[in-house]
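Results of the structural survey
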Amino acid sequence: MQKKIVIIGGGISGLATAYSLEEKAKREGKSVSITLLEKKNQIGGNILTERVGDFLIEGGPDCFLSEKPWAIELCERLGMGDSLLCTNDKFRKTYILWNGHLHELPEGVILMVPTEIFPLLKSNLISFSGKIRMGMELFIQKNKSNDDESLSQFVCRRLGQEALDKIAAPLVAGVHAEDPDTMSVKSRFPRFVQMEEEYGSLIKGMIAKRREMRRAGSKGNKPKYTMFMTLKDGLSEMPATIVRNLKSTEILTNREVLNIEKFLTSTPDTEKGMVSLPNYKISLKNGEVLDADTVVVATPSYETASLLTGIDDSISALLNKIPYTSTATVSLAFKKENISNPMNGFGFLVPRQEKRRITGATWVSRKFSYRSPDDSVLIRCFIGGSHNEKLVFLNDKDMIEMVKGELRDIMGITLEPLLTRIYRWERAMPQYTIGHEGRLSILDKKLSEYPGMFLTGSSYRGSGISECIKDGQITAESVLKYLFR
Ligand SMILES: Cc1cc2nc3c(=O)[nH]c(=O)nc-3n(C[C@H](O)[C@H](O)[C@H](O)COP(=O)(O)OP(=O)(O)OC[C@H]3O[C@@H](n4cnc5c(N)ncnc54)[C@H](O)[C@@H]3O)c2cc1C
């Protein structure tokens, strides 16, 4: 009999799960029927590309990391290899606002770890004592305890306060909208914890990794991809192409799920006679009820908590312990000729100490081609996150005035924009706080009491697009293993 799988949530996690299920089932000659339920009238979740005249604007994510290969691999398998777009690396610089001025992040600083001595020595961002302190990382003993640490504790212990204030903290505020004082280093940056363990030093670990890459490069394997990758026509191409390639998945939009119930059905088994197997009943807001052998819940954890309240309150309570924060992106386009700032980079980050109202900005038309006409520039600013969440809910007029004021103060732009676009992301950024990994282990144990129910998505094991795809693939594998055991 054909096995029925219901996936709840049509973001990249739900879609990647569906696509991977079809791929694997086909390869293994198994027959499955998949229904994907999405509450909005369009699929893609946080991935949202808009074309406005000749401008291409990303409302949510704008790229993925090539180091985490799952997004690139999926694009290749979907036949989108030619659409993959590298960054314009002649502008590969990031600036940090400090004392009201933009300072270049020294070349060779990867994430927050310096790997080249001269650019660091020349930098006017880090003080002399700060540079010495960062260099001392080479000699600092590794952590003896296995306890989780906050990013602040970890960076201060290894690289010093200045590296935290001027590099690590603005980076995580800009990228993950997280508070470094509560963010779990084990869950967000597991490779730093591994590097400390393996090399005794982040600097040594990073240098070893660079050498490895150079060696690969000298053997003629010139890297095909840049650190950040996107798609020429915008990231929405990815969910759209997945949908076009799904053959045995029924996608139903405007279908909000209200709750999930478990019930047992008796099924004949060749060895054991009759056995009781769990089935799931999925109730929708429009009154429809669906039955499934397996349910994959790919919604944000607080939403999942509410769907599971009838099943197991202790699972819901655990899910509700994953906090979320809200952010907004505001894109503005200007005529290029009237902007004096050379915008020689991908953009800038703003440390909390600067007390500004944006956490950073991407100079989109520098970072990627095909984003704006040649005579214009496109800038995307980030608002909100753990420290300034209330700004996300300013009305449109105040929000635009605020962002224009910030760009005037930071970049000297006094022009009126050619266009503006605001995208608010309410409770869209999961926060992996200290102990996240431990809570996930408890959650997995509790979920084992509900065979046939799987949770995936950005709330758990990585919130970048690529990590969501990887988790979807792992989930698909577990689903098939369960159904055809
Ligand atoms: C502003 C912003 C910028 C980002 N930038 C980047 C970036 O540059 N690079 C990167 O890799 N990542 C980035 N991310 C993170 C990345 O976009 C997300 O982690 C990822 O898209 C999450 O995918 P998901 O499918 O897990 O969740 P979602 O995209 O949230 O999808 C969940 C889906 O479930 C649906 N749903 C919810 N409740 C129900 C219900 N009851 N019934 C039916 N459907 C329901 C929702 O409508 C939604 O479509 C960014 C995120 C944001 C918000």
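Keep in mind that this is a model prediction, so the values were computed, not measured.

The next subject is the packing of helix α5 (residues 151–158) against helix α6 (residues 161–176). Contact pair α5 / α6: the axes reach a minimum separation of 9 Å and the direction vectors enclose 145 degrees. Read as a crossing pair, α5 and α6 show a hand that is right-handed. For the pair α5 and α6, the contacting residues are L151, S152, V155 and C156 in the first and Q161, A163, L164, A168 and V172 in the second. Residues of the contact of α5 with α6, tallied by class, amount to seven nonpolar, two polar and no charged.

Every one of the 33 residues lining the ligand counts as a neighbour, but S13, E38, C63, S463 and I465 are closest to it. At a separation of 3.2 Å, an oxygen atom of the ligand approaches a polar backbone atom of D62. C63 is positioned with one of its backbone polar atoms (N or O) 2.6 Å from a nitrogen atom of the ligand. Notes on the ligand: free accessible area 1000 Å², of which the protein chains cover 91%. Every element with two or more residues in the shell around the ligand is listed here: α1 (12–27), β17 (324–335), β21 (419–430) and α16 (465–483). Sort the elements by how many residues they give to the shell around the ligand and β21 lands first, with three residues. Class assignment for the residues of the shell around the ligand results in twelve nonpolar, 14 polar and seven charged. Taken together, domain 1 (3–42 + 236–322 + 432–483) and domain 2 (49–90 + 324–430) each give at least three residues to the shell around the ligand, which thus spans both.

Before going further, it helps to spend a moment on the domain arrangement of the protein chain. In many reports, interface size means the accessible area that the parts give up when they come together. Split into domains, the protein chain comes out as domain 1 (3–42 + 236–322 + 432–483), domain 2 (49–90 + 324–430) and domain 3 (107–218). Placing a centre on the C-alpha atoms of domain 1 and another on those of domain 3 gives a separation of 36 Å. Every contact between the two is made by seven residues of domain 1 and, on the other side, twelve residues of domain 3. The contact between domain 1 and domain 3 buries some 710 Å² in all, and 48% of this surface belongs to carbon and sulfur atoms. Along the contact surface separating domain 1 from domain 3 lie zero salt bridges. Linking domain 1 with domain 3 are five residue pairs in polar contact (both at pLDDT 80 or more), by the criterion used here. Tallied by class, the residues present in the side of domain 1 that touches domain 3 amount to two nonpolar, four polar and one charged.

Take the pairing of strand β20 (residues 376–384) next. For β20, the buried fraction is high: nine of the nine residues fall into the buried class. Looking at chain direction, β17 and β20 are connected through nine bridges and run antiparallel. When the bridges of β20 are listed, V330 appears paired with C381. In terms of strand pairing, strand β19 (residues 360–363) meets β20 through four bridges, oriented antiparallel. Bridge pairing links G360 to F382 in β20.

The next thing to look at is the side chain of E196. Along the polypeptide, E196 turns up in helix α8 (residues 190–199). At 2.6 Å, the side chain of E196 forms a polar contact with the side chain of R158. For E196, the residues in contact, after removing those within four places along its chain, are Q141, K142, N143, F154, R157, R158, S201 and L202.

Rules used throughout
Residues numbered from 1 in each chain as written. Predicted model: local features only at pLDDT ≥ 70, side-chain atom pairs only at ≥ 80, totals over all residues. Heavy atoms only, no water. Axes fitted to C-alpha atoms, helices over the stretch in contact; angles between N-to-C directions. Helix = DSSP H or I, 4+ residues; strand = E, 2+ residues; numbered from the N terminus. Left-handed = near helix turned anticlockwise from the far one by under 90°. Contact = heavy atoms within 4.5 Å. Nonpolar A, V, L, I, M, F, W, Y, C, P; charged D, E, K, R; others polar. Near = heavy atom within 4 Å. Polar contact = N/O pair within 3.5 Å; in protein donor to acceptor, adjacent residues only side chain to side chain. Areas by Shrake-Rupley, 256 points an atom, 1.4 Å probe, with all protein chains shown as cover. Domains from an automatic or database assignment. Buried area = accessible area lost by both parts, 1.4 Å probe. Salt bridge = Lys/Arg side-chain N within 4 Å of Asp/Glu carboxyl O. Buried < 20%, exposed > 50% of the residue type's maximum accessible area, 1.4 Å probe, protein only. Pairing = 2+ DSSP bridges.

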